[in-house]
Structures are given as C-alpha cells and as structure tokens.
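Observations on chain architecture
What follows is each chain in one-letter form.
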Amino acid sequence: MHDNIKELKAQFELEQQNYKGPFCCLEMDSILENSNQLYNVKYNPRLQEYYLESIEKPYIRTFEFCLWCGCQLPEALKEEQFNALGLDYPSLPVQRLKEKMTQINGNNEYFICCPDMNFVLNDSLFNIEYNISIREYYLKSVRESYIRTFEFCPWCGYQFMSNLRHVLFDILEKEYGLNLRIPQHREEIPAEFETDEWWKKRGL
C-alpha cells in the first residue's frame, strides 16, 4: 500500500508539472497567454484553478465558467487530494473570496444574473464592469486603456443579452447623422443614449 501511494504521488507530481490547462477556447487561451496579463484573469496550473486577481489588494475570486464560450471549467483540485498523497497544498499568498453569495444586495438599476456577479460589480476590487447604455460587460485592463468584452457570467454561466455597441453607432448615424469617428459628433449625442432608455424604448 505504501508503494502504491508513492507511485500515485509521483504520477500526480508529474502530471502537475506537465499540465498546461484545458483552455476551452481561443479567447481564453489568448487572455491567459498574454504576457502582460492586462486583464487579471489568471490560471494556477498547480491547483487547476481559474480566478480573477484583485486590482490593488491581495484577493482573488475563483470562477467556474468561461467568460467567452460559456463552457463549465474543470473543477479545481481540493486540499484533501493533496493531503491524501502527503503533499503540501500549494496555497497562494492571497485571500480567496470564493464563498458563494446567496443574495443580491444593492439597488441595481439593471438585471443581475446571480449574487456573485452582483458582488463583483459592486466591489472596486475587481476589474469587471458593465456599461448599461450599450448592454456591455467587460474586463477593464489594469495598466492601459483597453477593455475586453465577454458574453457569459463566469459564476453561473448565464449568457448575456447581445452587446448593442454597433447598433448604437448605426442608429446615431441613420437617425441623427452622427458619425462617432468624428470627435465633434461625440459631443452631440442625445442624453437618452447615455442610459438604457434608447434601447428599451426601441424594444431591443
């Protein structure tokens, strides 16, 4: 039995060393392979754990679904699996905020798919944001003025309603003669387009 444990331990450690991660889609692969890590989406191969890293404080929040293809990600390895083989659990020098939220708090003016998304959107620790005027969820880069939109909730897998960025551009051009590529035109956008008013009244 002792030899069997040793063999399992050796096999487990070898798999850990060679494991690159089940990156489910090209978008996830691109984000995780980004050498600059602009968006704080991380993967810990030792634990096979996907997580968001906080912007300023040493917190992380694990997630279970891909933000871009919506697939359910493999479950992270648990401490008990390491202990059973006599291995130290490779904890990170961070505080895990992965307890499941049970209710939605706050007076939100828009649909929230689950309590975990509500927590992140109402907390400045993480770089997930929502633009209500164009119905767009996105990751804000941590060092430069870039964003990366996503279509699925990383905690419940809910597929969001379609992004209206291009629809907005078309309406402004057709109905108001505004071309947002022209700086002066951006200053003439009607107030209704700064909220969700425009797409709700058009039944979008």
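Before going into details, it helps to say that this report is about the structure given with it. (Residues numbered from 1 in each chain as written. Predicted model: local features only at pLDDT ≥ 70, side-chain atom pairs only at ≥ 80, totals over all residues. Heavy atoms only, no water.)

What follows deals with the overall build of the chain. Summing up its helical and strand segments, the chain has 7 helices and 7 strands in all. Each helix and strand of the chain, ordered N terminal to C terminal, gives the series α-α-β-β-β-α-β-α-β-β-β-α-α-α. Residues counted as buried form 40% of the 204 residues belonging to the chain. Put simply, of all contacts in the chain between residues at least 6 apart along the chain, 55% involve residues at least 24 apart. About 12200 Å² of surface is accessible on the chain, with carbon and sulfur atoms providing 48% of the total. (Helix = DSSP H or I, 4+ residues; strand = E, 2+ residues; numbered from the N terminus. Buried < 20%, exposed > 50% of the residue type's maximum accessible area, 1.4 Å probe, protein only. Contact = heavy atoms within 4.5 Å. Areas by Shrake-Rupley, 256 points an atom, 1.4 Å probe, with all protein chains shown as cover.)

Let us now look at the pairing of strand S5 (residues 128–131). Burial along S5 is one-sided: the residues Ile128 and Tyr130 are buried and none of Glu129 and Asn131 is. For S5 and strand S6 (residues 136–140), the ladder comprises 4 bridges, and the chain directions are antiparallel. What sits directly across from Tyr130, in S6, is Tyr137. In this structure, the hairpin formed by S5 and S6 is closed by a connection of 4 residues, where Arg135 is found at a positive phi of approximately 55 degrees. (Pairing = 2+ DSSP bridges.)

Applying the stated criterion across every chain, the model contains 9 aromatic pairs. Centroid distance Tyr137 to Phe160: 3.8 Å. Interplanar angle 15 degrees. Geometry classified as stacked. Note that Tyr137 is positioned in strand S6 and Phe160 in the loop between strand S7 (147–149) and helix H5 (165–176), a separation of 23 residues in sequence. For Tyr137, a relative accessible area of 6% gives the class buried. Residue Phe160 is classed as buried on the basis of its relative accessible area, which comes to 10%. Taking the centre distance of 5.6 Å and the plane angle of 90 degrees together, the rings of Tyr176 and Phe193 count as edge-to-face. (Phe/Tyr/Trp six-rings, centres within 6.5 Å; stacked < 30°, edge-to-face > 60°.)

All right, on to the pairing of S6 then. Burial analysis of S6 places 4 of its 5 residues in the buried class, the great majority of the element. Pairing between S6 and S7: 3 bridges, direction antiparallel. By the bridge assignment, Leu139 is partnered in S7 with Arg148. Joining the antiparallel neighbours S6 and S7 is a turn of 6 residues.

Interpretation in functional terms is not warranted from these geometric data alone.
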